[in-house]
Amino acid sequence: MTSIVPVLSQGDGYGIVVGFGALFAFGMVATTYCLKRYHGEATDSSESFSTANRTVKTGLIASAVVSSWTWAATLLQSSSMAYSYGISGPFWYASGATVQIVLFCIIAIELKRRAPFAHTFLEVIYARYGQMVHLVFIVFCICTNILVTAMLLTGGSAVVQSLCGMHIAAACFLLPLGTIVYTMFGGIKATFLTDYVHTVAVLIIILFFAFVIFATSPLLGSPSKVYDLLVNASHLHPVDGNAHGSYLTMRSREGAIFFVINIIGNFGTVFLDNGYYNKAIAASPVSALPGYILGGLSWFAVPFLCGTTMGLAAVALEGNPVFPTYPYRLDPDDVLAGLTLPATAVALLGRNGAIATLIMVFMAVTSAMSAQLVAVSSIITYDIYKIYFNPKASGNNLIYISHLSVVTFGLVMSAVSIGLHYLNIDLGYLYLLTGVIISGAVVPGALTLLWNRQSKWAACLSPPLGMICSVSAWLITAKVQYGSITVHTTGSNTSMLAGNIVALCSPMLFVPILSLIAPDKELYNFNSMKEIKRDDEESNKETDSSADQIERENILLRRNSKVARITAVVLTLCLIVIWPWPMYGTAYIFSKPFFTGWIIVGIVWMFISFIIVGIYPVIEGRHSIASVCKKMYAHAMSSRQNNMHTTTETKITSEKSGVNNMQFSF
């Protein structure tokens, strides 16, 4: 149970969660219907349900990347990191989770180039290695989706309970309900559209909080005042491991440990989440590279500004003698559960802050949840049902299994999240644990598309061996360091650091050794990936792309592959080396002008992100929007004229009948 007193009634909570869920469900079902009727976009085929016919443009790809990567943890954990470690926390969170998206653009390009008609990443695994490796990766990918969804629901339900007192069980079941409905009807295209709406709403609310804290709040109101209060807070309760105990330095021992854990864990949640491959598959060939690069850079601003704003505001309020509860500090369990953000919003804005927070967290949970639902339904449909149970399944069979998978996974994960709550497993614990469990499959998974010398046995054995080593390192470190194995000791940064490092790095040893000991008979040529076909129903409806068009796309993708590698390496070096480490090495304490500039950079970056993911998709899709609106208007006018014509005919017929009756009477 949280120690934060709810400021909203349970009726408010149910109204927002159920009301917004129903609104989005109805809105997306209606939008899907309009696109089908007036724009010719069919969503009742398995191909369009899972891939959106591979025509999604750059703006929606970028928006979907931001939305899928904006979990409840993005908003809640980044704020808790700032509260715990100071100004370095949000930066470590943002940079440590942006590089994976930037680097993933390389995988996205290679996937489209080597397997242009794949539906899932696991289909590519099956095409290259066969059944044994395929089953191993199914386990790791499903585990990834389970852990991510559990984080979404545990974090989101904790916030809902803290703000309005709603029971955890109710929150866990109601949060994904509307998402299940519109995902089931609209497939991946519906998730792209809702991703756009949710992302815009989240960015606007973050900017609202930033302007309140740094411009209009009577308790804070300017970067200068926040800076002074942070200096005071550093004297009242200095941060252990930070330079001079200051909240205003990048030199943070625990922050740096979290940074390493964050980087490693998030490689698993990107490179093993079929949702990101789904977006790459759905993207048009020209949109994959800019979509992921722009999406990754736009996302950076979300945890960077949100954490810096809400986390540091919480610390500043605790250093403010005018604040009513000074020198009150948040309960450590609430900080681990990610409740720093809602506590700050309520302290500054009361009921309005609680409503804004609840809406923002609802948007983050449901948008990322929709991506998880499509990812799991794709795996169950194409990699389990179609391959192992019904290889000749028709499109109708596949769409039925997709719908059933969406509903089943959503309900099962709601129940799992309730169980985690009663086991005292919170958002922070799950976030740090994810890399320990799944990161052993990152390297062999990526090399499937990048290295033709990785053998089948290397791809098969490296992930489980990596997980065995990582879990062993995690538990042994907890036992040696603290003398016992409990939720508290295994959740420490040191234990999680050991497990995460071993998880990602051990396959770097296993893969080359196993490929050398048990090599394949011949070097792989990637041809079997190109043999993956679209669903039969689609092949019957339309002819395949011409050879010339395919060749032009391959030339474009080869060029983009080179650009992606250079861009990804440069941006990665900038975000995790060139920018932060000079300040870390010199133990620099921010001056007031530097702190003000830091805040301005965050706000400006957020506005640029809003332009990229909020305005650019509308500009890019303006012709489609106009076409749908014109056809809807024409249909409405045609219906009106038909109704008028029918009414006139009825009136004339009625008048003639009346005349005949009069003549008969006469």
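Computed from a predicted model, the values in this text were never measured in an experiment. (Residues numbered from 1 in each chain as written. Predicted model: local features only at pLDDT ≥ 70, side-chain atom pairs only at ≥ 80, totals over all residues. Heavy atoms only, no water.)

**Q** Just to check I follow, could you spell out the environment of I142 for this structure?
**A** You can see I142 is positioned in helix α7 (residues 131-164). For the pair I142 and I438, spaced 296 residues apart in sequence, the C-alpha separation works out to 9.9 Å. For I142, the contacting residues outside a window of four places in its chain are V376 and I379. (Helix = DSSP H or I, 4+ residues; strand = E, 2+ residues; numbered from the N terminus. Contact = heavy atoms within 4.5 Å.)

**Q** When you look at helix α6 (residues 121-129) in this model, what are you seeing that I'm missing?
**A** Note: α-helices contain 3.6 residues per turn, so residues at a spacing of three or four share the same orientation. Most of α6 is tucked away, with seven of its nine residues classed as buried. For α6, the set of buried residues is F121, L122, E123, V124, I125, R128 and Y129. A positive phi of about 95 degrees marks G130, the residue just after α6. (Buried < 20%, exposed > 50% of the residue type's maximum accessible area, 1.4 Å probe, protein only.)

**Q** Which parts of the structure should I look at to understand helix α18 (residues 427-438)?
**A** Look at α18: 17 Å from first C-alpha to last across twelve residues, which is about the 16 Å you get at 1.5 Å a residue. Among the twelve residues in α18, twelve count as buried, and that is most of the element. Inspection of α18 places L427, G428, Y429, L430, Y431, L432, L433, T434, G435, V436, I437 and I438 among the buried residues, and these make up the whole buried set. (Expected span 1.5 Å × (residues − 1).)

**Q** Is there a simple way to think about the packing of aromatic side chains in this case?
**A** Where two aromatic rings form a pair, the distance of their centres and the angle of their planes describe that pair. Throughout the structure, instances matching the rule amount to 41 aromatic pairs. Sitting above the plane of the F526 ring, R114 keeps its charged end 3.8 Å from the centroid. Lying over the aromatic face of Y584, R251 brings its terminal NZ or CZ to 5.1 Å of the ring centre. (Phe/Tyr/Trp six-rings, centres within 6.5 Å; stacked < 30°, edge-to-face > 60°. Lys NZ or Arg CZ within 6 Å of the ring centre and 35° of its normal.)

**Q** Teacher, can you tell me more about a nonpolar patch on the surface here?
**A** On the surface, M132, W457, L461, L465 and I468 cluster together to form a nonpolar patch covering roughly 420 Å² of accessible area. When residues of the nonpolar patch are assigned to their parent elements, the largest contribution, four residues, is made by helix α20 (residues 456-482). Residue placement: L461 occurs in helix α20. For L461, a relative accessible area of 31% translates into the label partly exposed. (Patch = residues over 30% accessible without salt bridge, like charges linked within 9 Å, V, L, I, M, F, W, Y side chains within 5 Å. Areas by Shrake-Rupley, 256 points an atom, 1.4 Å probe, with all protein chains shown as cover. Salt bridge = Lys/Arg side-chain N within 4 Å of Asp/Glu carboxyl O.)

**Q** Sorry if this is basic, but what is going on with the environment of A171 here?
**A** With respect to the secondary-structure elements, A171 resides in helix α8 (residues 168-174). Along the sequence, A171 and A158 sit 13 residues apart, while their C-alpha atoms lie 8.4 Å from each other. Not counting residues within four places of it along the chain, the set of residues in contact with A171 comprises S157, V160, M166 and P176.

Purely geometric numbers; function is a separate question.
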